[in-house]
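Secondary and tertiary structure notes
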Amino acid sequence: MSFMQTPRDPRLGAQPRGEEIAAYESYLEAQRVVDFLSDSEFPVQQVTIVGTDLKMVERITGRRTYMHAALQGAASGAWLGLFLGLMFMLLVPGAQLFGIFVPALLIGAGFGMLWGVVGHALTGGRRDFSSTSQVMASRFAVLCLTESADRARALLAKLPAEGAAPRTNDSQP
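Attention in this report is confined to the structure presented alongside it. In this text, all values refer to a predicted model and were calculated from it rather than measured experimentally.

1. A word on the overall build of the protein
- In terms of helices and strands, the protein carries four helices and three strands.
- Moving toward the C terminus, one meets the helices and strands of the protein in the order β-α-β-α-α-β-α.
- Among the 173 residues that make up the protein, the fraction classed as buried is 25%.
- The contacts of the protein with a sequence gap of at least 6 include a subset with a gap of at least 24, amounting to 85%.

Shown next, in the form of structure tokens:
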């Protein structure tokens, strides 16, 4: 038996090539340009959007206490107990709801709570907050292969004004 695999794009993993034809402060603006080029029947496979000036942003979402760790651990453990209880109910003939399912749910929540509190205690107070992280770009460059860059620039000159105008290499600060 043979499995068909989709051919990998040879451009993946390689550094982007081409000339910068425009640059924007938001991804949506860069996406709008590529959409315009596509609507103008430009071969958009020659275009790349590159996010530059990357920074990692961590937003603090709250304080982490023993109570928070216990509740979060109990919720995670309850999900595991729920899953195991359902598996036992499906695999054991004649199983009763209160005989297998409910105890599995409660035991899972209990162990989850215990592990949540122990895990929080092991941090030693070094990270008593919760957060989310993301990598953000400050600038989005639209690149085009050199052989088509002039045609792309000519099309972009016809782009209807909406919001910020594209910055080209000539107009960068």
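2. Here we look at helix 4 (residues 146–156)
- Considered for burial, the residues of helix 4 that qualify are S148, A149, A152, L155 and L156. Along helix 4, the residues classed as buried sweep out an arc of 130° about the axis, all on the same side. Along helix 4, the residues that are exposed and aim more than 90 degrees away from the buried face are E147 and D150.
- Where helix 4 is buried, its residues meet strand 1 (19–24), helix 1 (27–39) and strand 3 (129–144).

3. Considerations on a nonpolar patch on the surface
- On the surface, L80, F83, L84, M87, F88, L90, L91 and V92 cluster together to form a nonpolar patch covering roughly 810 Å² of accessible area.
- Here F88 shows up in helix 2 (residues 66–91).
- Judged by relative accessible area, which is 47%, F88 ranks as partly exposed.

4. As for the pattern of salt bridges
- Throughout the structure, instances matching the rule amount to four salt bridges.
- Close ionic contact of R153 with E19 constitutes a salt bridge, the shortest N to O distance being 3.0 Å. Taken together, the residues span a long stretch of sequence, with R153 in helix 4 and E19 in strand 1 at a distance of 134 residues.
- Classification of R153 as partly exposed rests on a relative accessible area of 28%.
- Note on E19: relative accessible area 28%, which makes it partly exposed.
- A salt bridge links D150 to R153; the shortest N-O distance between them is 3.3 Å. Of this pair, D150 and R153 both sit in helix 4, three residues apart, which is roughly one turn of that helix.
- Accessibility expressed as a relative area gives 60% for D150, which makes it exposed.

5. What about unusual backbone geometry?
- Positioned with a positive phi, E41 is a non-glycine residue whose angle comes to about 60°.
- Inspection of the secondary structure assignment puts E41 in the loop between helix 1 and strand 2 (47–63).
- Looking at E41, the relative accessible area reads 68%, which means it is exposed.
- In the Ramachandran plot, D53 falls in the positive-phi region, its phi being about 55° despite a non-glycine side chain.
- Considering the arrangement of structural elements, one finds D53 in strand 2.

How each quantity is defined
- Residues numbered from 1 in each chain as written.
- Predicted model: local features only at pLDDT ≥ 70, side-chain atom pairs only at ≥ 80, totals over all residues.
- Heavy atoms only, no water.
- Helix = DSSP H or I, 4+ residues; strand = E, 2+ residues; numbered from the N terminus.
- Buried < 20%, exposed > 50% of the residue type's maximum accessible area, 1.4 Å probe, protein only.
- Contact = heavy atoms within 4.5 Å.
- Arc of directions from axis to C-beta.
- Patch = residues over 30% accessible without salt bridge, like charges linked within 9 Å, V, L, I, M, F, W, Y side chains within 5 Å.
- Areas by Shrake-Rupley, 256 points an atom, 1.4 Å probe, with all protein chains shown as cover.
- Salt bridge = Lys/Arg side-chain N within 4 Å of Asp/Glu carboxyl O.

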